[in-house]
Each structure stands twice: as C-alpha cells, then as structure tokens.
Amino acid sequence: MDPIIRIMLVDDHEIFRIGLKQIISSLGYAKVVGEAENGLDFLRLIETTETDIVLMDIQMPVMDGIEATRRAKEMKPGIKILALSTFKEETYIQQMIALGARGFLLKNIRKDALDRALQAVYNGRTYYSEELWDYFTRSMAREDDKPQIVFTKRENEILQLLVKGLSNKEIAEILFVSERTIVGHKTNLLSKTNCKNTVALLSFAIRSGLVHME
C-alpha cells in the first residue's frame with residue numbers, strides 16, 4: 001500500500017482551508033495533518049508534526065508566508081513548500097522560488113491540477129500553475145541571436161537541481177561539495193546566461209529546453 005501524503009495547510013481564511021481539506025481528502029492518497037492561520041503558528045506546528053508537503057499562503061497576519069518559508073527552510077532544509085496566492089504577483093513568485101519553494105499555485109486551482117501538483121512535489125519535482133508561465137517568459141531577456149552557451153557537466157547538474165527547488169545547502173549535500181562551491185557555480189551560471197537572479201536563470205533554462213518542469 002502506498003504511503004499517505006501528509007499535508008499541512010497554512011492560510012488565514014478558515015473557509016478556504018475547509019474547502020481545500022475536503023478536496024485533498026477526496027484524492028484518496030493524501031490527508032491534512034495540521035492547519036495554521038499564520039506563519040508563526042505554522043513554525044510552532046512543524047516542530048511536533050511530521051509533514052510531507054506544506055501549502056503556504058503568502059499574505060497572512062502576524063507572519064506572512066515568505067518569512068515563514070524562510071524560517072522553515074532554516075529549521076528543516078528538506079521541507080517541501082508549495083506557495084499559494086490569490087494574486088500572481090511577480091515579487092511573490094520571485095521570493096518564494098529564491099527561498100526554495102517547490103512550486104507556486106493560484107488559489108483558483110482545479111482539483112486535477114492540485115492532484116498533479118501534490119504528486120509532482122512529493123516525488124521531488126516542481127509545479128507551477130499554468131497562468132504563471134507568462135511570468136517565466138517575461139522574466140528573461142529575449143535575444144534570438146544570442147550565441148550558444150556551453151555549461152560544464154557540474155553546472156548542468158546544479159541547474160537541474162536548482163529547477164527542482166533545492167537550496168544551495170541541499171545541492172551541496174547531494175553533490176558532496178561545500179555550499180561555497182555551489183555558490184561559485186551559480187555565479188558562473190548567472191554570468192554565462194546574463195541573468196540577474198535565480199528566477200531569471202530558471203526561466204532561461206526552461207525556455208531554452210535545458211530543463212523541464214512537470
């Protein structure tokens with residue numbers, strides 16, 4: 001029998017949590033093991049509650065989802081967080097990806113898309129709502145005559161892991177190198193692609209067919 005995926009809901013709207021909990025329960029392979037109405041309550045909860053995936057709202061009182069994600073990744077680097085938001089604000093997307101979130105979902109997500117998102121993240125992949133693809137396209141320079149960029153084998157390995165939402169520390173552990181080494185390779189990747197940040201690099205990788213997001 002396959003394991004039940006343990007989900008934690010972090011959202012300040014109780015009615016939304018109730019509806020989401022019902023949908024998750026109806027999937028058959030997942031259950032909600034904890035709920036929090038702000039980031040601070042969530043941080044207390046993960047100290048005692050084992051969870052596989054966190055569905056994290058962005059805008060909340062007391063502590064927002066961005067700060068909660070930042071602190072949660074420091075406490076538990078391997079925690080898998082899926083961002084939730086009513087709005088596709090580019091700043092939110094940028095910050096959550098930079099913090100290592102495994103994906104970004106809009107709150108109007110359909111059941112079948114939520115199903116795919118949970119399965120993808122649980123199995124180590126990433127997932128973004130279809131409505132966000134215009135953002136990924138806009139976030140990188142479109143220069144058709146740009147010369148072909150050649151990455152080293154190590155740079156390609158790191159790029160694949162970055163797209164999965166892994167942090168520098170997690171990548172370093174997987175590749176058995178120091179975190180400083182990973183930072184150095186990321187700097188080279190940004191320089192070679194003329195990207196200003198990790199989000200732009202992610203966009204470049206997807207648009208260029210170097211990686212794919214499921």
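See the structure shown above.
Residues numbered from 1 in each chain as written. Predicted model: local features only at pLDDT ≥ 70, side-chain atom pairs only at ≥ 80, totals over all residues. Heavy atoms only, no water.

## Observations concerning the overall build of the chain
Moving on, step 1. The number of helices and strands found in the chain is 10 helices and 6 strands.
Moving on, step 2. The buried share among the 214 residues of the chain stands at 48%.
Moving on, step 3. Sequence separation of 24 or more characterises 66% of the internal contacts of the chain that already satisfy a separation of 6 or more.
Moving on, step 4. When the accessible area of the chain is evaluated, it comes to approximately 11000 Å², of which 50% is carbon and sulfur surface. (Helix = DSSP H or I, 4+ residues; strand = E, 2+ residues; numbered from the N terminus. Buried < 20%, exposed > 50% of the residue type's maximum accessible area, 1.4 Å probe, protein only. Contact = heavy atoms within 4.5 Å. Areas by Shrake-Rupley, 256 points an atom, 1.4 Å probe, with all protein chains shown as cover.)

## So, the packing of aromatic side chains
Moving on, step 1. Enumeration according to the criterion identifies 0 aromatic pairs in this entry.
Moving on, step 2. A cation over a ring is seen here: K80 above Y122, with NZ or CZ 5.7 Å from the ring centre.
Moving on, step 3. Note that K107 overlies the ring of F16, its terminal NZ or CZ placed 4.7 Å from the centroid. (Phe/Tyr/Trp six-rings, centres within 6.5 Å; stacked < 30°, edge-to-face > 60°. Lys NZ or Arg CZ within 6 Å of the ring centre and 35° of its normal.)

## Overview of the side chain of T51
Moving on, step 1. Along the chain, T51 falls in the loop between α2 (39-45) and β3 (53-57).
Moving on, step 2. For T51, a relative accessible area of 17% corresponds to the buried category.
Moving on, step 3. For T51, the residues in contact, after removing those within four places along its chain, are R6, I7, M8 and V33.

## So, the nonpolar core
It is characteristic of soluble globular proteins that their nonpolar side chains tend to be buried jointly.
Moving on, step 1. Counting 31 residues, the largest nonpolar core has V10, F42, V54, M56, M96 and F104 as its most contacted members.
Moving on, step 2. Secondary structure elements with two or more residues in this core: β1 (5-10), α2, β3, α3 (65-75), β4 (81-85), α4 (90-98), β5 (103-106) and α10 (198-207).
Moving on, step 3. Looking at this core, the element that brings in the most residues is α4, giving 4 residues.
Moving on, step 4. Residues within four places of V54 in sequence aside, it is in contact with M8, V10, F42, I79, K80, I81 and L82.
Moving on, step 5. L84, L105, A120 and V121 belong to the second-largest nonpolar core, a separate cluster that totals 22 residues. (Core = buried A, V, L, I, M, F, W, Y, C linked by side-chain atoms within 4.5 Å.)

## Considering α4
Moving on, step 1. Regarding α4, the residues found buried are Y92, I93, M96 and I97. Down the axis of α4, the buried side of the element spans an arc of 120 degrees, and every buried residue falls inside it.
Moving on, step 2. After α4 finishes, the residue G100 shows a positive phi value of roughly 100 degrees. (Arc of directions from axis to C-beta.)

## Notes on the pattern of salt bridges
Side-chain pairs of opposite charge can arise whenever the charged atoms involved come near each other.
Moving on, step 1. Tallied over the entire structure, the rule returns 13 salt bridges.
Moving on, step 2. The partner of R70 in a salt bridge is E67, and the shortest N-O contact between them spans 3.2 Å. Taken together, the residues R70 and E67, both in helix α3 and 3 residues apart, mark about one turn of the helix.
Moving on, step 3. Under the relative-accessibility criterion, R70 is labelled partly exposed at 35%.
Moving on, step 4. Owing to a relative accessible area of 25%, E67 belongs among the partly exposed residues under this scheme.
Moving on, step 5. Across the salt bridge formed by E67 and R71, the nearest N and O atoms sit 2.8 Å from each other. Linking E67 with R71, this pair stays in helix α3, spanning 4 residues, or about one helical turn. (Salt bridge = Lys/Arg side-chain N within 4 Å of Asp/Glu carboxyl O.)

## Considering the sheet that holds β4
Moving on, step 1. Within the open sheet, the 6 strands sit side by side as β2-β1-β3-β4-β5-β6. Their pairing is parallel. For this open sheet the edge positions go to β2 (30-36) and β6 (127-128), each flanked by a neighbour on one side alone.
Moving on, step 2. Sheet topology places β3 next to β4; 4 bridges connect them, and they run parallel. Paired with L55 across the two strands is L82, which belongs to β4.
Moving on, step 3. Contacts from helix α1 (residues 14-27) reach β1, β2, β3 and β4 within the one sheet, and its direction differs from that of β2 by about 160 degrees.
Moving on, step 4. Across the sheet, α3 is in contact with β3 and β4; its angle to β3 comes to roughly 150 degrees. (Pairing = 2+ DSSP bridges. Axes fitted to C-alpha atoms, helices over the stretch in contact; angles between N-to-C directions.)

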